[in-house]
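# Chain and residue survey
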Amino acid sequence: MTDPVATAPVPRASVLQIAAYVGGEHKLPGVNRVIKLSSNEGAFGPPPGAIAAFTKVAAEIHRYPDGGSVELRRALGARYGLDADRIVCGTGSDELITHLCHIYGGAGTDILMSMHGFTMYQIAGTYAGSRVIKVPEQNLTTDVDAMLAAVTPETTIVFVAHPNNPTGSLLPQSELRRLRDGLPAHVLLAIDSAYAEYVEAAEYDAGAALVDAGDNTIMLRTFSKVFGLGGMRVGWAYGPAAVIDAINRVRGVFNVNIAAQAAALAALAEPGWVEKCRAHNTEWRAKLAAAITAAGVKVWPTEGNFLLTDFGTAERAKAADAHLRSHGIIVRAMASYDLPQCLRITVGTAEECGLVADAVAGFMRSQA
Ligand SMILES: *Cc1c(COP(=O)(O)O)cnc(C)c1O
């Protein structure tokens, strides 16, 4: 209801319920060399071919981009063995998450996510006017039984990050399938596999198999993590024709800009890039986890390019964060994820891993 006596524009009440997303910080006052391990951006920067493609496209930026991202969708289809007609690209996967919530959510609907799931689901779902329900987890992992028990006749979307950010946890493939099988057919299961390329678990499928098995599952992917293009804002989704069609009706007509399409295409074509990044991550994820564990800090198992470290209390996590900052290292505080005792640390270069491990060890010694 609009208020006839309001003297200024009034947002819908649900908009004011949203706590604005706080991204990873990137500056520390008075520190020259900042080591930024707060946004899971990947250890190696952008692929060289993507930088070259970005530079090359500069003289053409007066042109509108291809609104259908046709070449990029074809390249994605070829690389992953998917039907390019059932792929849609977005201004980051964030844009696609927002559209899904508006398309299938809205007043009178429920959107489900796990307790420590990715914050964008809560922001986008609330913006759409849905009730966003955070379902309790087991061991910081999605609990399929709890998720199914939370389904109501009003439920329209279930979001699962696979693996999840910020916990790093991965639902076994059989459990993800059990979740899909247990959901009513009209409920969309959105599998967000932003970190798919880093997963080493044997039976892992990023979501395409479940997409193909029915008409009610969508897979979300991004160029922001392993492909090193977070600043370009490119994500994509693969889903049932009807779901992709709905997104295409409402998305920004020129959502993926001309430089972003060029850079993403080149990143996909970069020889050996994903293999190199995955090998580095697998090695240093383990080494960093071992070093932090040896320093006396609990590290949760992770399939991503980041570690969730648990300092036991919120006070100690805050003190550790301050100590790391004093060494020029920015990691991600987790209070907004209801994990105030934790810090999330991105796996960086070998040198960065060494520096953050030393700083954590130094902090723990100071606490002894
Ligand atoms: C980083 C991340 C994304 C990617 O977002 P973009 O908008 O594509 O940059 C999506 N989901 C999760 C869980 C993430 O951590």
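These numbers were taken from a predicted model, which means no experiment stands behind them.

The subject of this paragraph is the overall build of the protein chain. Per the secondary structure count, the protein chain includes 13 helices and 15 strands. Against the compact-globule benchmark of 21 Å for 368 residues, the protein chain has a radius of gyration of 21 Å, which places it among compact chains. Sequence separation of 24 or more characterises 75% of the internal contacts of the protein chain that already satisfy a separation of 6 or more. Surface accessibility of the protein chain: about 16,300 Å² in total, with carbon and sulfur atoms responsible for 56%. Side chains of the protein chain give 31 positive and 36 negative charges; the mean places of these two sets differ by 4 Å.

A separate point is empty space enclosed by the protein. In this structure the tally under the stated criterion is three cavities of 30 Å³ or more. If you trace the largest cavity, you find 15 residues lining it, with Gly42, Ala43, Phe44, Tyr198 and Cys277 closest to the centre. Grouping the constituent residues of the lining of the largest cavity by class yields seven nonpolar, six polar and two charged. By volume, the second largest cavity is sized at about 50 Å³. Met113, Ser114, Gly117, Phe118, Tyr121, Thr142, Phe159, Val160, Ala161 and Asn164 together form the lining of the second largest cavity. Of all elements in the fold, only strand S3 (110-114) and strand S7 (155-161) reach the threshold of two or more residues within the lining of the second largest cavity. If you tally residues by element for the lining of the second largest cavity, the top one is S7, at three residues.

The ligand sits among Gly92, Ser93, Asp94, Phe118, Asn165, Asp192, Ala194, Tyr195, Thr222, Ser224, Lys225 and Arg233. Contact distances for the ligand include 2.7 Å between an oxygen atom and a backbone N or O atom of Ser93. At 2.7 Å, a side-chain N or O of Asn165 approaches an oxygen atom of the ligand. Calculation on the ligand without its partners gives an accessible area of 390 Å², and the protein chains cover 94% of this total.

Below, the discussion takes up unusual backbone geometry. Here the residue pair His162 and Pro163 is connected by a cis peptide bond, since its omega of 5 degrees sits within 30 degrees of zero. Tracing the backbone through its elements, the reader meets Pro163 in the loop between S7 and helix H7 (173-182). Between Asn165 and the following residue, Pro166, the backbone shows a cis peptide bond with an omega angle of 15 degrees. Relative to the elements of secondary structure, Pro166 occurs in the loop between S7 and H7.

Further remarks concern the domain arrangement of the protein chain. Here the protein chain is partitioned into domain 1 (13-45 + 273-367) and domain 2 (48-269). The C-alpha-based centres of domain 1 and domain 2 are spaced at 24 Å. Taken together, the 31 residues of domain 1 in the interface contact 31 residues of domain 2. Viewed at the interface, domain 2 and domain 1 are joined by zero salt bridges. Summed over the shared surface of domain 1 and domain 2, the number is 12 residue pairs in polar contact (both at pLDDT 80 or more). When contributions to the side of domain 1 that touches domain 2 are tallied by element, the ones reaching two or more residues are helix H1 (13-17), helix H11 (273-294) and strand S12 (306-310). Top element by residues in the side of domain 1 that touches domain 2 is H11. It accounts for seven residues. Class assignment of the residues belonging to the side of domain 1 that touches domain 2 gives a composition of 14 nonpolar, 11 polar and six charged.

With that settled, the discussion passes to helix H12 (residues 314-326). Helix length check: H12 (13 residues) gives 18 Å between terminal C-alpha atoms against 18 Å at 1.5 Å per residue, within 8%. Within H12, burial applies to Ala317, Ala320, Asp321, His323 and Leu324. The arc enclosing the buried residues of H12, seen along the axis, measures out at 165 degrees, which places them on a common side. In H12, the exposed residues that point more than 90 degrees away from the buried face are Glu315, Lys318 and Ser326.

Judged by pairing direction, the sheet is antiparallel, and its four strands sit side by side in the order S11-S12-S15-S14 without closing on themselves. For this open sheet the edge positions go to strand S11 (298-299) and strand S14 (332-333), each flanked by a neighbour on one side alone. Across the face of the sheet, H11 comes into contact with S11, S12 and strand S15 (342-346) while running at roughly 10 degrees to S12. In the packing of H12 onto the sheet, contacts are made with S14 and S15, and the angle to S15 comes to roughly 35 degrees.

Scoring rules and cut-offs
Residues numbered from 1 in each chain as written. Predicted model: local features only at pLDDT ≥ 70, side-chain atom pairs only at ≥ 80, totals over all residues. Heavy atoms only, no water. Helix = DSSP H or I, 4+ residues; strand = E, 2+ residues; numbered from the N terminus. Rg over C-alpha atoms; globule rule 2.2 N^0.38 Å. Contact = heavy atoms within 4.5 Å. Areas by Shrake-Rupley, 256 points an atom, 1.4 Å probe, with all protein chains shown as cover. Lys, Arg positive; Asp, Glu negative; His and termini not counted. Charge placed at Lys NZ, Arg CZ, Asp CG, Glu CD. 1 Å grid on protein atoms, 1.4 Å probe; cavity = no way out; pocket = protein on both sides within 12 Å on 5 of 7 lines; lining within 4 Å. Points joined across faces, edges and corners; volume = space filled by probe spheres on them. Nonpolar A, V, L, I, M, F, W, Y, C, P; charged D, E, K, R; others polar. Near = heavy atom within 4 Å. Polar contact = N/O pair within 3.5 Å; in protein donor to acceptor, adjacent residues only side chain to side chain. Domains from an automatic or database assignment. Salt bridge = Lys/Arg side-chain N within 4 Å of Asp/Glu carboxyl O. Expected span 1.5 Å × (residues − 1). Buried < 20%, exposed > 50% of the residue type's maximum accessible area, 1.4 Å probe, protein only. Arc of directions from axis to C-beta. Pairing = 2+ DSSP bridges. Axes fitted to C-alpha atoms, helices over the stretch in contact; angles between N-to-C directions.

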